[in-house]
Amino acid sequence: KRKVVKLTSPNLNYLIIVGSVLLYTCVYLYVYSADSFSKETFICNFRVWVFSLGYTICFAVILSKTWRIYYIFNNPTAKKKTITDWILVVVIMIVVIIDLSILFLGTAIPESRLTAVGIF
């Protein structure tokens, strides 16, 4: 039974859990209503970051696991191909860094920054 659990890459499954927790946290951020304009603007930007990072982490892990299966079984030669979890973690981190750079640019450029609309 332990071999089956090991074959599912538990380290990568932990990353899926982290991404899922970020996505679940995002629900509470969308429900939260701040009492001031500056807090609401911060929450508005923060929930975009949390949602995007959670989704990117979950999707990147599933995509990398699928890529490993494709790489192993789409082997016309008889050579054994192995891809360790750490190689997949590097691929996941590259995808997350790309997402973080897009989020940073979107937050840093004043014309694209999210602001709260006056209901206060």
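From a predicted model like this one, the values you see are computed outputs, not experimental measurements.

Colleague: Would you take a moment to explain the side chain of Arg47 for this structure?
Modeller: For Arg47, the location among the structural elements is in helix α3 (residues 37-73). Residue classification places Arg47 among the buried residues on the basis of a relative accessible area of 12%. Excluding residues that lie within four positions of it along the chain, Arg47 makes contacts with Cys26, Leu29, Tyr30 and Glu40.

Colleague: Sorry if this is basic, but what is going on with the nonpolar core here?
Modeller: When a protein is soluble and globular, its nonpolar side chains tend to lie buried together. Counting residues in hydrophobic clusters, the biggest one holds 11 residues: Leu12, Leu53, Ile57, Ala60, Val61, Ile83, Leu88, Val89, Ile92, Val96 and Leu103. Where this core is concerned, the elements lending two or more residues are α3 and α4 (85-108). Broken down by element, this core gets its largest block of residues, 5 residues, from α4.

Colleague: How do you make sense of the confidence of the model for the chain when you look at a structure like this?
Modeller: It should be kept in mind that the predicted coordinates are not to be read in detail where pLDDT is low. Residues of the chain with pLDDT of at least 70 account for 84%, and the chain-wide mean is 84. Of all secondary-structure elements in the chain, the lowest mean pLDDT belongs to helix α1 (residues 2-7), at 62, while α4 reaches the highest, 93.

Colleague: Would you mind showing me how to read the side chain of Ser9 here?
Modeller: Mapped onto the elements, Ser9 comes out in the loop between α1 and α2 (10-31). Overall, the relative accessible area of 3% leaves Ser9 in the buried class. In this structure Ser9 touches Lys65, Arg68 and Asp85, once residues within four positions along its chain are discounted.

Colleague: How do you make sense of the packing of α3 against α4 when you look at a structure like this?
Modeller: Each pair of packed helices can be summarised by the angle the axes make with each other and by the distance between the axes. Here α3 crosses α4 at 150°, and the two axes come no closer than 9 Å. If you check the angle between α3 and α4, you find them roughly antiparallel. The element α3 and its partner α4 pack so that their crossing is right-handed. Here Val48, Trp49, Ser52, Leu53, Thr56, Ile57, Ala60, Val61, Ser64, Trp67 and Arg68 of α3 come into contact with α4, specifically with Asp85, Leu88, Ile92, Val95, Val96, Asp99, Leu100, Leu103, Phe104 and Thr107. In terms of residue class, the contact of α3 with α4 is built from 14 nonpolar, 4 polar and 3 charged.

Colleague: Explain the pattern of salt bridges to me, please; I cannot follow it from the model alone.
Modeller: Side-chain pairs of opposite charge can arise where the charged atoms are in close proximity. Taken as a whole, this structure holds 1 salt bridge when the rule is applied. In this structure, Asp85 and Arg68 form a salt bridge, with 2.9 Å as the shortest nitrogen-oxygen distance. One end of the pair, Asp85, is in helix α4; the other, Arg68, is in helix α3, with 17 residues separating them in the sequence. Taking the relative accessible area as the measure of exposure, Asp85 reaches 17% and is therefore buried.

Colleague: Just checking my understanding: could you explain the packing of aromatic side chains for this structure?
Modeller: Aromatic rings in a pair are described by how distant their centres are and how their planes are angled relative to each other. Tallied over the full model, the rule gives 4 aromatic pairs. Ring centres 6.4 Å apart and planes at 15° place the aromatic pair Phe51 and Tyr55 in the stacked group. Of this pair, Phe51 and Tyr55 are both found in helix α3, 4 residues apart, which corresponds to roughly one turn of the helix. Residue classification places Phe51 among the partly exposed residues on the basis of a relative accessible area of 42%.

Calculation notes
Residues numbered from 1 in each chain as written. Predicted model: local features only at pLDDT ≥ 70, side-chain atom pairs only at ≥ 80, totals over all residues. Heavy atoms only, no water. Helix = DSSP H or I, 4+ residues; strand = E, 2+ residues; numbered from the N terminus. Buried < 20%, exposed > 50% of the residue type's maximum accessible area, 1.4 Å probe, protein only. Contact = heavy atoms within 4.5 Å. Core = buried A, V, L, I, M, F, W, Y, C linked by side-chain atoms within 4.5 Å. pLDDT = per-residue confidence, 0-100. Axes fitted to C-alpha atoms, helices over the stretch in contact; angles between N-to-C directions. Parallel < 35°, antiparallel > 145°, perpendicular 65-115°, else oblique. Left-handed = near helix turned anticlockwise from the far one by under 90°. Nonpolar A, V, L, I, M, F, W, Y, C, P; charged D, E, K, R; others polar. Salt bridge = Lys/Arg side-chain N within 4 Å of Asp/Glu carboxyl O. Phe/Tyr/Trp six-rings, centres within 6.5 Å; stacked < 30°, edge-to-face > 60°.

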